[in-house]
Amino acid sequence: SAVISQKPSRDICQRGTSLTIQCQVDSQVTMMFWYRQQPGQSLTLIATANQGSEATYESGFVIDKFPISRPNLTFSTLTVSNMSPEDSSIYLCSVPSRGTGELFFGEGSRLTVL
Amino acid sequence: GENVEQHPSTLSVQEGDSAVIKCTYSDSASNYFPWYKQELGKGPQLIIDIRSNVGEKKDQRIAVTLNKTAKHFSLHITETQPEDSAVYFCAATLKAAGNKLTFGGGTRVLVKP
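This write-up is about the structure you can find in this document.

1. Remarks on the interface of chain B and chain A
The extent of an interface is frequently quoted as the accessible surface area lost upon association of the parts.
Argument step 1. Each partner contributes to the interface: chain B provides 18 residues, whereas chain A provides 20 residues.
Argument step 2. Taken together, both faces of the contact between chain B and chain A bury some 1400 Å²; the carbon and sulfur share is 52%.
Argument step 3. When the shortest N-O distance is used, the salt bridge between lysine 100 of chain B and glutamate 58 of chain A registers 3.2 Å.
Argument step 4. Run the count over chain B and chain A and you get 5 residue pairs in polar contact (both at pLDDT 80 or more).
Argument step 5. With 3 residues, the top contributor of residues to the side of chain B that touches chain A is strand β4 (residues 32-38) of chain B.

Rendered as structure tokens:
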């Protein structure tokens, strides 16, 4: 299994500011995924972060709003830019296991935008 | 793309009874169907999964069934316990799609002692 650490675990932010969420994995992985979970809702994939190339964004998500970095095989960041109250969500990092393909999730970063 | 529907959205059961959650998917090419349990304040955790070449899989009190023809799959929890209280998500994917899961809407399960 993979151990995934996310920082911050929670934060309260002001409208119009940006926040960067960090995801650290205890093993090297090719792909890392960023999901959003709005209050009381399901998980929606934001983007796939591949090391050495630009992230691939899902429909409805754009790089200007959610820039992603992937400097190495164990680390990624997601920035939520120019935040509004609608961005209040849990943001989750996930990675697939090599053998089974099981997706492991971090504990999530709970953002509240005032 | 894939679309996954999950029912019910909430489920309340007496301790010791069984709980059943049902999901349908739209893409007949999907071949991997995991179930996740999310406890309050935590990330989702895989509890069981099934692949399209199998019709049923069991792990202690948890079982999953898959009907590929009808494109639906179900989670069965027997002898429920208070620690089974959580939100459960089904998901579907085509393995070749790089593990990009499409999740159902979630079921909040409450086990009453």
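2. Examining the pairing of strand β3 (residues 19-25) of chain A
Residues and elements named next belong to chain A.
Argument step 1. Residues Leu19, Ile21, Cys23 and Val25 point to one face of β3 and are all buried, whereas Thr20, Gln22 and Gln24, pointing to the other face, are not buried.
Argument step 2. Sheet topology note: the strand β1 (residues 4-7)/β3 ladder contains 4 bridges and is antiparallel. Across the sheet, glutamine 6 pairs through a bridge with cysteine 23, a residue of β3.
Argument step 3. As paired strands, β3 and strand β8 (residues 75-80) are joined by 6 bridges and run antiparallel to one another. Following the sheet pairing, glutamine 24 is matched in β8 by phenylalanine 75.

3. A short note on the pattern of salt bridges
Residue and element names in this part refer to chain B.
Argument step 1. Tallied over the full model, the rule gives 6 salt bridges over all chains.
Argument step 2. In this structure, the salt-bridge partner of lysine 37 is glutamate 39, at a minimum N-O distance of 3.5 Å.
Argument step 3. Using a relative accessible area of 33% as the deciding quantity, one classes glutamate 39 as partly exposed.
Argument step 4. Two residues, lysine 57 and aspartate 49, come together in a salt bridge whose shortest N-O distance is 2.8 Å.

Conventions used here
- Residues numbered from 1 in each chain as written.
- Chains lettered and ligands numbered in written order.
- Predicted model: local features only at pLDDT ≥ 70, side-chain atom pairs only at ≥ 80, totals over all residues.
- Heavy atoms only, no water.
- Contact = heavy atoms within 4.5 Å.
- Buried area = accessible area lost by both parts, 1.4 Å probe.
- Salt bridge = Lys/Arg side-chain N within 4 Å of Asp/Glu carboxyl O.
- Polar contact = N/O pair within 3.5 Å; in protein donor to acceptor, adjacent residues only side chain to side chain.
- Helix = DSSP H or I, 4+ residues; strand = E, 2+ residues; numbered from the N terminus.
- Buried < 20%, exposed > 50% of the residue type's maximum accessible area, 1.4 Å probe, protein only.
- Pairing = 2+ DSSP bridges.

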